[in-house]
Amino acid sequence: MRDGMIPSISKDEINEMVSELAQDIERDYEGKELVLVCPLKGSVLFVADLCRKIKLPQVIDFVYLTSPRGESVRIIKDISVNVQGKHVLIIEEIIDAGRTLSFLKSRLLASFPASLKVVTLLDKPALRELAIAPDYVGRTIEDRFVIGYGMDMEEIGRNYSDIYNFAQ
Ligand code: IMP
Ligand code: MG
C-alpha cells in the first residue's frame, strides 16, 4: 500500500455491488440480447465481473477515449460492432465530470440503438460538468480520487482488488 491510501470499498463489498447491478440488469432486459460497451482501460475489471453475473446473451466491445483537461475528447479506439437496433449498455467504472460519457453517448445514439443506458460502479456527481445521469449506479461517492479495481493514478493501482482513496 502506498502512503496516504485509505481503504474505501473492500472486494467483498464490490462483489456485492456487482451482483446487485447484474440482478437489476437481468430483470430489466429479460428475453433481450445486450451489447456491453466498455471504455478502456478503467472498466476492464468491472466488466469482467459484471458480464459473468448477467445471464443473458451478450456481446462485449471496447472503446478507448481520452479527455485531457481543457481539451476535447479524442478517440484512440472506436467500437467495432454495429449497435443499430441493439440494446446497448455503457459500462463505466466511475463517472466524474461526465465528458467522456457524454461524448460516447452521442456517438452511439447516432447509430440508432434500440436502447442505450449507462451502468457505473461509482458515481461522483459533485463535479459533474454535463447534465448526464447513469441509469444503474453501484454507489455514489464524494469527490475523492479513488484507485483500485481498474482505476488508476498514473497507471498505478489498476490491479488492486479493493478500492482506496487518498487522504486530503
Ligand atoms: P469524466 O467523467 O469524463 O470526468 O471522466 C471519467 C473517467 O476519468 C473515468 O472513466 C476514469 O477513467 C477517470 N476517473 C475519474 N475519476 C477518477 C478517480 O477518482 N480515480 C481514477 N480514475 C478516475
Ligand atoms: Mg472509464
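The structure this text deals with has already been given above.
Residues numbered from 1 in each chain as written. Chains lettered and ligands numbered in written order. Predicted model: local features only at pLDDT ≥ 70, side-chain atom pairs only at ≥ 80, totals over all residues. Heavy atoms only, no water.

Thoughts on the site of ligand 1
Let me state the cut-off plainly: The criterion for a residue being near a molecule or strand is simple. One of its heavy atoms has to lie within 4 Å of it. Counting of polar contacts relies on pairs of N or O atoms within 3.5 Å, with two restrictions inside protein: one atom must be capable of donating a hydrogen and the other of accepting it, and residues adjacent in sequence are counted only when both atoms are side-chain atoms. Here the Shrake-Rupley method, with its probe set to 1.4 Å, supplies the accessible areas, and only the displayed protein chains count as covering residues. Every helix listed is a DSSP run of H or I at least four residues long, and every strand listed is a run of E at least two residues long, numbered separately from the N terminus. For this scheme, ten residues count as nonpolar: Ala, Val, Leu, Ile, Met, Phe, Trp, Tyr, Cys and Pro. Four count as charged, namely Asp, Glu, Lys and Arg, and the remainder, Gly too, count as polar.
The environment of ligand 1 is made up of 14 residues, and the closest members are A97, G98, T100, K124 and V146. Measuring from an oxygen atom of ligand 1, one finds a side-chain N or O atom of E92 at 3.1 Å. Separating an oxygen atom of ligand 1 from a side-chain N or O atom of K124 is a distance of 2.8 Å. Starting from 490 Å² of accessible surface for ligand 1 in isolation, the protein chains cover 83%. Put simply, the parts of the chain that give the shell around ligand 1 at least two residues each are β5 (87-95) and α3 (99-109). In terms of residue count, the dominant contributor to the shell around ligand 1 is β5 (three residues). Broken down by class, the residue content of the shell around ligand 1 amounts to five nonpolar, two polar and seven charged.

Focus: the sheet that holds strand β8 (residues 146-147)
Test applied: The pairing criterion is simple: DSSP has to find at least two bridges between the two strands. In what follows, residue pairs with any heavy atoms lying within 4.5 Å of each other are defined as contacts. Only C-alpha atoms enter the line fits that serve as axes; for helices the fit covers just the stretch in contact. Angles between N-to-C directions range over 0 to 180 degrees.
Read from one edge to the other, the open sheet built from three strands follows the order β1-β9-β8, with strand pairing classed as antiparallel. In this open sheet, the two strands that pair with only one neighbour each are β1 (5-9) and β8. Pairing of β1 with strand β9 (residues 163-166) involves four bridges; the strand directions are antiparallel. Its bridge partner lying in β9, I9 is registered against I163. Where helix α1 (residues 11-28) meets the sheet, its contacts fall on β1 and β9, and the angle it forms with β1 comes to roughly 35°.

Quick word on the pairing of β5
Heads up, the condition is: Working definition: with a 1.4 Å probe on protein chains only, accessible area under 20% of the residue-type maximum means buried, over 50% means exposed, and in between means partly exposed. A clockwise path from the first strand over the helix to the second, with the strands pointing away from the viewer, defines a right-handed crossover.
When you tally the buried positions in β5, you get nine out of nine residues, the bulk of the element. As judged from the eight bridges shared by β5 and strand β6 (residues 115-123), these two strands associate in the parallel manner. Across the sheet, residue I90 finds its bridge partner in β6, namely V118. The β-α-β motif built from β5, the intervening α3 and the parallel element β6 has right-handed crossover chirality.

Regarding the coordination of the magnesium ion (ligand 2)
Which entries qualify depends on this criterion: Metal coordination here is assigned from N, O and S atoms located within 2.8 Å of the ion, or within 3.2 Å for Na, K and Ca; omission of water means that sites may look incomplete.
Coordination of the magnesium ion (ligand 2) by the protein comes from E92 (OE), E93 (OE) and E93 (OE), over a distance range of 2.5 to 2.7 Å. The exposure classification of E92 matches that of E93, with both residues buried.

Looking at the nonpolar core
Formally: Grouping buried Ala, Val, Leu, Ile, Met, Phe, Trp, Tyr and Cys residues that are joined through side-chain atoms within 4.5 Å yields what is termed a nonpolar core.
Counting 29 residues, the largest nonpolar core has L50 and L122 as its most contacted members. Elements with a contribution of two residues or more to this core: α1, β2 (34-40), α2 (44-53), β5 and β6. The greatest single-element share of this core, amounting to six residues, is contributed by α1. Grouped together as the second largest cluster of nonpolar side chains are 15 residues, V73, I95, L101 and L104 included.

Thoughts on the pattern of salt bridges
Stated precisely, the cut-off is as follows: The salt bridge criterion pairs a side-chain nitrogen of Lys or Arg with a carboxyl oxygen of Asp or Glu, the two atoms within 4 Å.
If you walk through the whole model with that rule in mind, you get ten salt bridges. Here D49 makes a salt bridge to R52, at a shortest N to O gap of 3.0 Å. You can see D49 and its partner R52 sitting in helix α2, three residues apart, about one turn around the helix. A salt bridge links R158 to E155; the nearest nitrogen and oxygen atoms lie 3.0 Å apart. Connected through salt bridges with shared partners, the residues K41, D152, E155 and R158 form a single ionic network.

Considerations on the environment of L36
If you trace the backbone, L36 turns up in strand β2. Sequence separation of L36 and A110 is 74 residues, and the distance between their C-alpha atoms is 17 Å. Non-local contacts of L36, meaning those with residues more than four positions away in its chain, are made with V47, C51, Q58, V59, I60, D61, L89 and I91.

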